[in-house]
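# Remarks on the overall topology
The chain contents come next:
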Amino acid sequence: MKRIFLAVTGIILLAGSAYAQENDKRNTILSNALIVFFSATGTTAEAAQKLAHVTGGERYEIVPQTPYTSADLNWRDEESRSSREMGDPASRPAIQGKKENIDDYAIIFIGYPIWWDVAPRIVNTFIESHNLKGKTVIPFATSGSSAIDHSVAELKKTYPEIKWRTGKLLTHATEQAIREWVASEVE
């Protein structure tokens, strides 16, 4: 009986040790994560903040050279800035600055609001002004009504040299939901 108890205890300890090592590995990767985001109204910034809290990663905001006004964001106006940008797949709105030392990050999360069922063109500006070839990039998005799937498919098609993960819509997501999603993305 004592042998069985010792064997079972040993198995439990080994399993716990393996789990702890996997957790440590995941935590090390995540502490070296970069959370890049564009937020026009603050919703995506809030999701990025929760993600940074869960991962311990560094946040980096994509800031437009010319800030968006409420009129610029009026998607019902075909002449608004956002409507014109989204109507032109080649549009690349200028951004302020560039993230230095992008090579130092093991994982990059990229967050954005979904506009016209895709990522805003300013996200393309960021991607094209940074070398993300071969990087693991995990998209996240916010939206009042759209799913993330089409936007991720478009990013994968446009930038096939990047190791894209599935991604998730984080509108109103709790930190626990984000924690579970991150654990499934970073194995």
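Preceding this paragraph is the structure being described.
A brief report on the enclosed structure follows. Everything numeric in this text was worked out from a predicted model, so none of it was measured. (Residues numbered from 1 in each chain as written. Predicted model: local features only at pLDDT ≥ 70, side-chain atom pairs only at ≥ 80, totals over all residues. Heavy atoms only, no water.)

Next up on the list: the packing of helix 2 (residues 43-55) against helix 6 (residues 175-185). Helix-helix packing is described using two parameters, namely the angle between the two axes and the distance between the axes. Their axes nearest at 9 Å, the elements helix 2 and helix 6 cross at an angle of 65 degrees. In the crossing of helix 2 with helix 6, the sense of the turn from one axis to the other is right-handed. Contacts between helix 2 and helix 6 involve Lys50, Leu51, His53, Val54 and Thr55 from the former and Glu175, Ile178, Arg179, Trp181 and Val182 from the latter. The residue makeup of the contact of helix 2 with helix 6, split by class, is 5 nonpolar, 2 polar and 3 charged. (Axes fitted to C-alpha atoms, helices over the stretch in contact; angles between N-to-C directions. Helix = DSSP H or I, 4+ residues; strand = E, 2+ residues; numbered from the N terminus. Left-handed = near helix turned anticlockwise from the far one by under 90°. Contact = heavy atoms within 4.5 Å. Nonpolar A, V, L, I, M, F, W, Y, C, P; charged D, E, K, R; others polar.)

Time to look at the nonpolar core. Judged by nonpolar contacts, the single largest core of 30 residues is most densely connected at Val36, Ile108, Ile110, Tyr112, Phe126, Ile127 and Leu132. For this core, the secondary structure elements donating two or more residues are strand 1 (33-37), strand 3 (107-113), helix 4 (121-128), strand 4 (136-142) and helix 5 (149-158). No other element matches the 4 residues that helix 4 contributes to this core. In contact with isoleucine 108, other than residues within four places in its own chain, are Leu34, Val36, Ile102, Leu132, Lys135, Thr136, Val137 and Ile138. In this structure, Ala47, Ala52, Val54 and Leu170 belong to the second largest nonpolar core, which totals 18 residues. (Core = buried A, V, L, I, M, F, W, Y, C linked by side-chain atoms within 4.5 Å. Buried < 20%, exposed > 50% of the residue type's maximum accessible area, 1.4 Å probe, protein only.)

We now examine the pairing of strand 3. Burial analysis of strand 3 places 7 of its 7 residues in the buried class, which makes it a mostly covered element. Covered by surrounding structure in strand 3 are Ile107, Phe109, Gly111 and Pro113 together with Ile108, Ile110 and Tyr112, the residues of both alternating faces. As defined by bridge partners, strand 1 adjoins strand 3 across 5 bridges and the pair is classed as parallel. Bridge pairing in strand 3 links alanine 33 to isoleucine 107. Where strand 3 and strand 4 come together, 7 bridges link them in parallel fashion. Within strand 4, the position partnered with tyrosine 112 by the bridge is alanine 141. This β-α-β element, strand 3 to helix 4 to strand 4, shows right-handed connectivity. (Pairing = 2+ DSSP bridges. Right-handed = clockwise from strand over helix to strand, strands pointing away.)

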